[in-house]
Amino acid sequence: MDGSTQLRVARPTNRLAAIVAMYRDGLGLEVIGAFDDHDGFDGVMLGSPGAAYHFEFTHHRGHVVPDAPTQDHLVVFYVLDSAEWEQRCERMVAAGFRQVASYNPYWDRAGRTFEDLDGYRVVIQRGAW
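Here's what I pulled together on the structure shown here. Computed from a prediction, not measured in an experiment: that's the story for all the values here.

Conventions used here
- Numbering of residues starts from 1 in every chain and runs along the sequence as written.
- Under the rules for a predicted model, residues below a pLDDT of 70 receive no local features and side-chain atom pairs below 80 are neither given nor counted, while totals for whole chains, interfaces and linings still include all residues.
- Hydrogens and water are ignored here; the side-chain numbers use all heavy atoms of the structure.
- Note on pairing: two strands pair once DSSP finds at least 2 bridges between them.
- The way it works is that DSSP assigns letters per residue, a run of H or I at least four long becomes a helix, a run of E at least two long becomes a strand, and they are numbered from the N terminus.
- A fitted line through C-alpha atoms represents every axis, and for helices the fit uses only the stretch in contact; the resulting angles, taken between N-to-C directions, go from 0 to 180 degrees.
- To form a nonpolar core, buried Ala, Val, Leu, Ile, Met, Phe, Trp, Tyr and Cys residues must be joined to one another through side-chain atoms within 4.5 Å.
- Each residue's exposure class comes from its accessible area (1.4 Å probe, protein chains only) as a fraction of the maximum for that residue type: buried when under 20%, exposed when over 50%, partly exposed otherwise.
- Working rule for contacts: check all heavy atoms of both residues, and any pair within 4.5 Å makes them a contact.

1. Re the sheet that holds strand 3 (residues 41-47)
Item 1. Read from one edge of the open sheet, 4 strands run 1-4-3-2, paired in mixed fashion. The open sheet is flanked by strand 1 (7-12) and strand 2 (30-38), the only strands paired with a single partner. For this sheet the average axis-to-axis angle between neighbouring strands, irrespective of direction, equals 15°.
Item 2. Of the pairings in the sheet, the one linking strand 3 to strand 4 (residues 53-60) comprises 7 bridges and is antiparallel in character. Paired with Gly43 across the two strands is Thr58, which belongs to strand 4.

Below, the structure written as structure tokens:
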């Protein structure tokens, strides 16, 4: 893999519209693609134009998927600037994420952990990795 490689983090949800709104508003992402009834699947891709990563959330019509399997399934964003970090954390709560204690206490030392409606967690870490 090299610098031209892109990463898609894909996962199913039973709450497609609500999850898309949370991640769009909480992380400041944009809808960069979507599809309806593609072989029974609906989906939305969220990202930042030009970024090497994006999220894809899908829903398989007529199927129910379980919530997050563990509290340690994480997506971690590193934010260097303290003021920007604080603003990002505030946006997460305003978007409907719930701030929770991290399963691994390491993440609470310099960050905050947020849980979405499906039980998946996003860490906003203050500093560089």
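2. Looking at the nonpolar core
Item 1. Within the largest apolar cluster, 23 residues are counted, with the highest numbers of intra-cluster contacts made by Tyr23, Leu27, Phe97, Val122 and Ile124.
Item 2. Mapped onto this core, the elements with two or more residues apiece are helix 1 (16-27), strand 3, strand 4, strand 5 (74-79), helix 2 (82-94) and strand 8 (121-126).
Item 3. For this core, the element with the highest residue contribution is helix 1, accounting for 6 residues.
Item 4. When near neighbours in sequence (up to four residues on either side) are disregarded, Val122 contacts Tyr23, Leu27, Val75, Phe77, Met92, Phe97, Arg112, Thr113 and Phe114.

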